[in-house]
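Notes for the structure review
Here is how the chains run, residue by residue.
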Amino acid sequence: FRRKSSSPKSGELSAAEIGTAHHTFLELVSLNKVANETELKLEATRIQQSGSLSAKEIAAIDFSTIAAFWNSAVGRKILEKAEQVRREHPFTARLNGSDFAKLNLHKDATVLPDEFVVLQGVIDIAVILPEEIWLLDFKTDQIKESELAERTEHYRTQVALYADAMSKIYKRPLTQRWLHFLALQQTVSVD
């Protein structure tokens with residue numbers, strides 16, 4: 001990733017735009033073409049030609065970090081189940097007060113016993129297997145190694161809510177939950 005200032009110069013992409021470009025690329029890249037940077041760059045050309053990403057967005061993508069993920073143990077494990085992989089998987093779930101309590105969020109929730117909250121989200125990668133589900137969320141945050149634990153904790157609630165929602169929707173347990181920090185090339189299991 002190329003570190004951008006909080007207020008980009010005219011013509012530069014913001015950090016949010018770079019993150020969006022990475023997520024779009026990760027959604028559209030063929031899972032048969034993720035083994036190395038050369039394949040990823042050829043995929044980028046295809047995706048740009050389709051009009052899904054601009055040349056400027058493609059130029060902001062860090063192909064080495066994406067290749068590193070797909071060649072990691074978690075990336076290879078997901079690729080082994082490519083037929084069951086859903087990318088940018090939207091969901092809607094209904095959560096009530098007991099759901100928040102189960103997730104230790106009851107002190108933050110103002111849901112009354114007869115009320116509910118509708119949760120909508122998009123999961124970067126959901127691997128929906130017959131007996132279980134795996135969830136992976138890519139993070140494009142520009143962080144230092146020393147910030148990894150704090151950022152993981154920051155996202156823990158999001159992962160817990162997504163996991164609970166997917167478990168309810170598909171009526172099977174979520175057995176693997178990961179955050180992958182692209183900039184650090186690190187995958188963290190989130191229980």
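The structure displayed is predicted, hence computed values, not measured ones. (Residues numbered from 1 in each chain as written. Predicted model: local features only at pLDDT ≥ 70, side-chain atom pairs only at ≥ 80, totals over all residues. Heavy atoms only, no water.)

A word on the side chain of T24. Assignment of secondary structure puts T24 in helix α1 (residues 15–28). Given the relative accessible area of 19%, T24 is considered buried. When neighbours within four sequence positions are excluded, T24 is seen to be in contact with S52 and L53. (Helix = DSSP H or I, 4+ residues; strand = E, 2+ residues; numbered from the N terminus. Buried < 20%, exposed > 50% of the residue type's maximum accessible area, 1.4 Å probe, protein only. Contact = heavy atoms within 4.5 Å.)

Let's shift gears to the packing of α1 against helix α4 (residues 63–70). Where α1 meets α4, the closest approach of the two axes is 12 Å, and the angle between their N-to-C directions is 45°. It follows from the interaxial angle that α1 and α4 lie oblique. Relative to α4, the crossing made by α1 is right-handed. Listed contacts from α4 to H22, F25 and L26 of α1 are F63, I66 and W70. (Axes fitted to C-alpha atoms, helices over the stretch in contact; angles between N-to-C directions. Parallel < 35°, antiparallel > 145°, perpendicular 65-115°, else oblique. Left-handed = near helix turned anticlockwise from the far one by under 90°.)

Quick look at the environment of G75 now. If you trace the backbone, G75 turns up in helix α5 (residues 73–79). Residues G75 and H180, 105 residues apart in the sequence, show an inter-C-alpha distance of 9.9 Å. Apart from the residues lying within four places of it in its own chain, the contact partners of G75 are F69 and W70.

A separate point is the packing of aromatic side chains. Within the structure shown, the criterion is met by 6 aromatic pairs. Measuring from ring centre to ring centre gives 5.0 Å for F91 and Y162, while their planes differ by 75°; the resulting arrangement is edge-to-face. You can see F91 sitting in strand β1 (residues 85–96) and its partner Y162 sitting in helix α7 (residues 148–170), a full 71 residues away along the chain. In this pair, the class of F91 matches that of Y162, namely buried. By the ring-pair criterion, three or more aromatic residues cluster together here, those being F69, W70 and F138. Here the guanidinium or amino end of K77 rests over the ring plane of W134, the centre of that ring lying 4.8 Å away. One cation-aromatic arrangement involves K139 over Y155; the distance from NZ or CZ to the ring centre is 3.8 Å. (Phe/Tyr/Trp six-rings, centres within 6.5 Å; stacked < 30°, edge-to-face > 60°. Lys NZ or Arg CZ within 6 Å of the ring centre and 35° of its normal.)

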